[in-house]
Amino acid sequence: MEYSELKDKKVLVLGYAMTGKSVAEYLLNAGANVTINDRSDLMNDASIQSFIERGVTVIGGEHPLSLVDETLDFIVKNPGIPYTNPILEKAQLISIPIYTDVELFSWANPGVLIGITGSNGKTTTTSLVHHIIKSSPLTVHLAGNIGIPTLSVLPTVKAEDVVVMELSSFQLMGTEHFKPHIAAMTNIYEAHLDYHGSKADYVDAKMNLIRNQTAEDYLIYNANSTDIVTGISQSSAQKIPFALAPVDDVVRAQGVYFEDEVIFFKNEPVLNQADIQIPGEHNIENVLVAVAIAKLLDVSDEIIRQAVRTYQGVPYRIQPLGQFNGVSYYNDSKATNTQATITALKSFAQSIIYIGGGLDRGNEFDELIPYLSKVQAAYLYGESKEKMKKAFDAVHTPMVTLCDDLLMATEQAIAMAQPGQVVLFSPSCASWDQFKNYEERGALFTQRVLQLNKETSE
């Protein structure tokens, strides 16, 4: 649908916050008839009052089913709202389209769209790609699941500009015509089953990234991920595989790979492992994806090398907080699933004092068991703490303590930690049982670590 075709369309914006606000603004400017609905009371929000004055209908505090009928053209929902919401269930019954903001973005985007998804690594990869392209002569915009609403960026995008977009399965599930020129899939593990219902449905949502790509587009994919390789088999895009050693002839000829401490693109060396400042094997994979994207955009090797050398990572992704009294502290609040926590656990040779827990999504934590041998003590909190304890008990972790909340867990972990050890906060769970998001959770952990260590050093 073109921007001009939105005039007089009847649209329901389900869920407000940053994304809903940007959607409502975009639709209103296009001349649509907009209704905003949120389960919270919105009347004390100054931005809502502005929308009301401009003719937007606002209904807060409930989700009345009367908002959905055959006169509704489509719904734009907050990505986090599940399809089991009664309004969405009714809409599906009468075949009303349900979109997320990234779909609307694609209708009017004049620039070169890069879409990056994966169970883990997508935030770091997206951030690194942005960092590299920003160092080049190209004009680049950052948006998506990384915390920047896509429609807030759209008005500034010009033809030939590059838009780097992090995409979640929640966002991709609400797409129909969305098509990136360059798509990248870092990995796929079992995640968000409380939302999608099954791994198959989760993978299917991820594959919306590539469904509309043509032979003129590119697909960068993890050659070692069976789910990805299977899912992309029918893609028409030009395929660029990436892999760590050992590397087969297909990856050497067509893709990007890491071998003998060097990253190669189609058999040509681009940079050395020593250029990479962010730790862990997983981050080498993230750099592989970023290098492939940059090369497809004709960014020079020298610019890529210089940008990678200056890149320090993203907050809350195995983020070093410093060393205090001989103990090193790492904030991995963005680890919202077991695979992310496995990545963090594999990143350290030292003994670990572990902090984790959060929303109970119905999964067990047996996948962690092979990686817990270095954990000397675990402090678990939140809805999932009892389930997590089973994994640590299975490997006879010397001390496992159940805590009321993250503050208690942090305080006890700091008191237990000895010089030479690592205190690792890598929750392996979503934050929503006690926090609004992983950023709020991560900020609290950082604040408490710095505060308590300051007190003990005074």
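In this report, the structure presented in the accompanying data block is examined. This structure is a prediction, so every number in the text was calculated from the model and none was measured. (Residues numbered from 1 in each chain as written. Predicted model: local features only at pLDDT ≥ 70, side-chain atom pairs only at ≥ 80, totals over all residues. Heavy atoms only, no water.)

Bringing the nonpolar core into the picture now. Counting residues in hydrophobic clusters, the biggest one holds 49 residues, and the most contacted among them are Leu27, Ile36, Phe74 and Leu104. With five residues, the top contributor of residues to this core is helix H1 (residues 17-29). Excluding its chain neighbours within four sequence positions, the residues that come into contact with phenylalanine 74 are Met1, Leu6, Lys10, Val11, Leu12, Leu27, Ile96, Pro97, Tyr99, Leu104 and Trp107. By size, the runner-up hydrophobic cluster in this structure holds 40 residues, among which are Val256, Phe258, Val270 and Ile304. (Core = buried A, V, L, I, M, F, W, Y, C linked by side-chain atoms within 4.5 Å. Buried < 20%, exposed > 50% of the residue type's maximum accessible area, 1.4 Å probe, protein only. Helix = DSSP H or I, 4+ residues; strand = E, 2+ residues; numbered from the N terminus. Contact = heavy atoms within 4.5 Å.)

Taken as a whole, this structure holds 13 salt bridges when the rule is applied. A salt bridge links lysine 295 to aspartate 301; the shortest N-O distance between them is 2.8 Å. When its relative accessible area of 24% is taken as the criterion, lysine 295 is described as partly exposed. A salt bridge links arginine 448 to glutamate 411; the nearest nitrogen and oxygen atoms lie 2.9 Å apart. (Salt bridge = Lys/Arg side-chain N within 4 Å of Asp/Glu carboxyl O.)

With that settled, the discussion passes to helix H2 (residues 46-53). Those residues of H2 lying buried are Ser47, Ile48 and Phe51. Viewed end-on, H2 has its buried residues packed into an arc of 100°, placing them on one side of the element. Residues of H2 that are exposed and point over 90 degrees away from its buried face: Ala46 and Glu53. Those residues of H2 that are buried are in contact with H1, strand E2 (33-38) and strand E3 (57-60). A positive phi of about 95° marks glycine 55, the residue just after H2. (Arc of directions from axis to C-beta.)

On strand E9 (residues 182-185), burial covers both faces: Ile182 and Ala184 on one face and Ala183 and Met185 on the other are all buried. In the sheet, E9 pairs with strand E10 (residues 218-222) via four bridges, with the strands oriented parallel. When the bridges of E10 are listed, alanine 184 appears paired with isoleucine 220. (Pairing = 2+ DSSP bridges.)

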